[in-house]
Amino acid sequence: MNPKWNGQFSCFDLVARPADASGERVRTVVSVMDLEIGANDFVVMAGPCAVECEHQLLTTAEAVAAAGARVLRGGAYKPRSSPYAFQGLGVEGLKILRKAREQTGLAIVTEVMSEEDVDVIAEYADIMQVGTRSMENYALLEALGSCGCPVLLKRGMTATLEEFLCAAQVVALAGNPQIILCERGIRTFETATRNTLDIAAIPVLKTVSHLPVIVDPSHAAGVRSIVPALSRAAVAVGADGLLVEVHPCPEKAWSDGNQSLDFTEFRNMMDDLQPYLALQQEARELRPRLVVGGAD
Ligand code: PEP
Ligand code: MN
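Notes on the structure in this doc start here. (Residues numbered from 1 in each chain as written. Chains lettered and ligands numbered in written order. Predicted model: local features only at pLDDT ≥ 70, side-chain atom pairs only at ≥ 80, totals over all residues. Heavy atoms only, no water.)

Our focus in this paragraph is the overall build of the protein. Along the backbone of the protein there are nine helices and 10 strands. Scaling as 2.2 N^0.38, a compact globule of 296 residues should have a C-alpha radius of gyration of about 19 Å, and the protein matches this with 18 Å. Summarising its shape, the C-alpha atoms of the protein cover approximately 55 × 40 × 40 Å along the three principal directions. Buried positions account for 52% of the 296 residues belonging to the protein. Relative to all contacts within the protein whose residues are 6 or more apart in sequence, the contacts with residues 24 or more apart total 70%. (Helix = DSSP H or I, 4+ residues; strand = E, 2+ residues; numbered from the N terminus. Rg over C-alpha atoms; globule rule 2.2 N^0.38 Å. Buried < 20%, exposed > 50% of the residue type's maximum accessible area, 1.4 Å probe, protein only. Contact = heavy atoms within 4.5 Å.)

What follows is the structure, given as structure tokens:
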């Protein structure tokens, strides 16, 4: 890590990991229903990019729950690059999300784009998602300080990690310390993928911050074939979970179909992740012994 970062944490001190002379490491655990994000479990959040209709969301919710996801994602308010693209179902979409939670017991994460929508979305959501385009919407971040729900904050597509942590600081300063950071790929000169997954961001963020860090491999990849490999990479670098797009029929999705997995692809990916998760768990259990032996 760039050594110049040392001593420059004052602009994000509320979310920075305090220096731990005693060796004790402080971590924020974000509690959502019976989940503890940032503790020992690897939490997978999955679902469609956008809520399109009841049937699409309910079938997806059942499928991702059966494959081991614990949180259902789905946008009811969609930030689209084109003003002519589908903008989301709004409150109707939130009601469908609530029904899916009732039927499956999955927690709900959904995006909020404007401070004016915070109260209504907080009535339906278990986690409020701030998208990449909104990371620097400080009026929204401040409003989320008092929303009463954890916030999933995505990294801005052109944001440095310092800017990302400053955005998290705004939410914490406004009164909400329950924040999950999400690396979703950044803009680089590379065009083979939609964005470039900054895999180094995960260990850097986990070193300098006490907040949980998850990875969105879907928006990083832009194509579904690469999503499982990026998910394995996320496990290997110590991410606390994933946010993955899944659709019953990706070819017909109203948004982000190219990067969405179908149900079989998602189940296979979850199965294939198991040995990597077991290895990560083993490494975690071994770590204290390594420290004691002086070989950290
Ligand atoms: C999304 O999660 O569907 C989304 C719009 O993500 P991002 O803000 O990362 O583009
Ligand atoms: Mn999407």
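There's more to say after this.
Attention now moves to the pairing of strand E8 (residues 179-183). Judged by how many residues are buried, E8 sits mostly within the fold: five of five residues are covered. Here E8 shows two buried faces, one formed by Ile179, Leu181 and Glu183 and the other by Ile180 and Cys182. In this structure, strand E7 (residues 151-154) lies alongside E8, joined through four bridges in parallel fashion. Residue pairing in the sheet places Val151 in a bridge with Ile179 of E8. (Pairing = 2+ DSSP bridges.)

Coordination sphere of the manganese ion (ligand 2), protein contribution only: Cys49 (SG), His219 (NE2), Glu245 (OE) and Asp256 (OD), at 2.1 to 2.4 Å. Site description for the manganese ion (ligand 2): donor spacing in sequence, C-x169-H-x25-E-x10-D. One end of the pair, Cys49, is in the loop between strand E3 (43-47) and helix H1 (54-67); the other, Glu245, is in strand E10 (residues 241-245), and 196 residues separate them in sequence. (Donors = N, O, S within 2.8 Å, 3.2 Å for Na, K, Ca; no water.)

It is worth spelling out the site of ligand 1 at this point. Around ligand 1 sit Cys49, Arg73, Lys78, Glu111, Gln129, Gly131, Thr132, Arg133, Lys154, Arg184, His219 and Glu245, and that is every residue in its neighbourhood. Between Arg133 and ligand 1, the recorded distance is 3.2 Å, taken from a side-chain N or O atom to an oxygen atom. Looking at the shell around ligand 1 residue by residue, the classes come out as one nonpolar, four polar and seven charged. (Near = heavy atom within 4 Å. Polar contact = N/O pair within 3.5 Å; in protein donor to acceptor, adjacent residues only side chain to side chain. Nonpolar A, V, L, I, M, F, W, Y, C, P; charged D, E, K, R; others polar.)

Met128, Leu153, Leu181 and Phe266 are the most contacted members of the largest nonpolar core, which totals 76 residues. Sort the elements by how many residues they give to this core and helix H5 (residues 161-173) lands first, with nine residues. When neighbours within four sequence positions are excluded, Leu181 is seen to be in contact with Leu153, Phe164, Leu165, Ala168, Leu205, Ser209, Leu211, Pro212, Val213 and Ile214. Ranked by size, the runner-up nonpolar core spans 15 residues in total, among them Val30, Ile180, Cys182 and Ile214. (Core = buried A, V, L, I, M, F, W, Y, C linked by side-chain atoms within 4.5 Å.)

Below, the discussion takes up the environment of Phe263. Its location among the elements puts Phe263 in helix H9 (residues 263-292). A C-alpha to C-alpha distance of 34 Å links Phe263 and Leu141, two positions 122 residues apart in sequence. Phe263 has contacts with Thr59, Thr60, Ala63, Val246, His247 and Pro248, leaving out every residue within four places of it along the chain.

With five of five residues buried, strand E5 (residues 107-111) lies mostly within the body of the structure. The sheet contact formed by strand E4 (residues 71-73) and E5 spans three bridges and is parallel. Paired with Val71 across the strands is Ala107, a residue of E5. In the classification by handedness, the crossover that spans E4, the intervening helix H2 (residues 91-104) and the parallel E5 is right-handed. Judged from the three bridges that link them, E5 and strand E6 (residues 127-130) form a sheet pairing that is parallel. Across the sheet, Glu111 pairs through a bridge with Gln129, a residue of E6. (Right-handed = clockwise from strand over helix to strand, strands pointing away.)

Glancing now at the packing of H1 against H2. The contact between H1 and H2 brings their axes to 10 Å, and the two run at 30°. As H1 packs across H2, the resulting crossing turns out to be right-handed. Two secondary-structure elements touch here, H1 through Glu54, Leu57, Leu58, Ala61 and Glu62 and H2 through Ile96, Leu97, Lys99, Ala100, Gln103 and Thr104. Looking at the contact of H1 with H2, its residues break down into six nonpolar, two polar and three charged. (Axes fitted to C-alpha atoms, helices over the stretch in contact; angles between N-to-C directions. Left-handed = near helix turned anticlockwise from the far one by under 90°.)

Considering all chains together, one arrives at nine salt bridges under this definition. One salt bridge connects Glu245 with Arg73, and the closest N-O pair in it is separated by 3.4 Å. With Glu245 in strand E10 and Arg73 in strand E4, the pair connects residues that are 172 residues apart, well separated along the chain. Both residues of the pair, Glu245 and Arg73, count as buried. For the salt bridge of Asp126 with Arg101, the shortest nitrogen-to-oxygen distance reads 2.8 Å. (Salt bridge = Lys/Arg side-chain N within 4 Å of Asp/Glu carboxyl O.)

Next up on the list: H2. Because the α-helix completes a turn every 3.6 residues, residues three or four places apart line up on one side. Between the first and last C-alpha of H2 there are 20 Å, a value that for 14 residues agrees with the 20 Å anticipated at 1.5 Å per step. Within H2 the residues assigned to the buried category are Gly93, Leu94, Ile96, Leu97, Ala100 and Arg101. Projected down its long axis, H2 carries its buried residues within an arc of 160°, all on one side. Those residues of H2 that are exposed and aimed more than 90 degrees away from the buried face are Glu92, Lys95 and Glu102. In the core, the buried residues of H2 are packed alongside H1, E4, E5 and helix H3 (118-124). Trailing H2 by a residue or two, Gly105 shows a phi angle of about 80°, which is positive. (Expected span 1.5 Å × (residues − 1). Arc of directions from axis to C-beta.)

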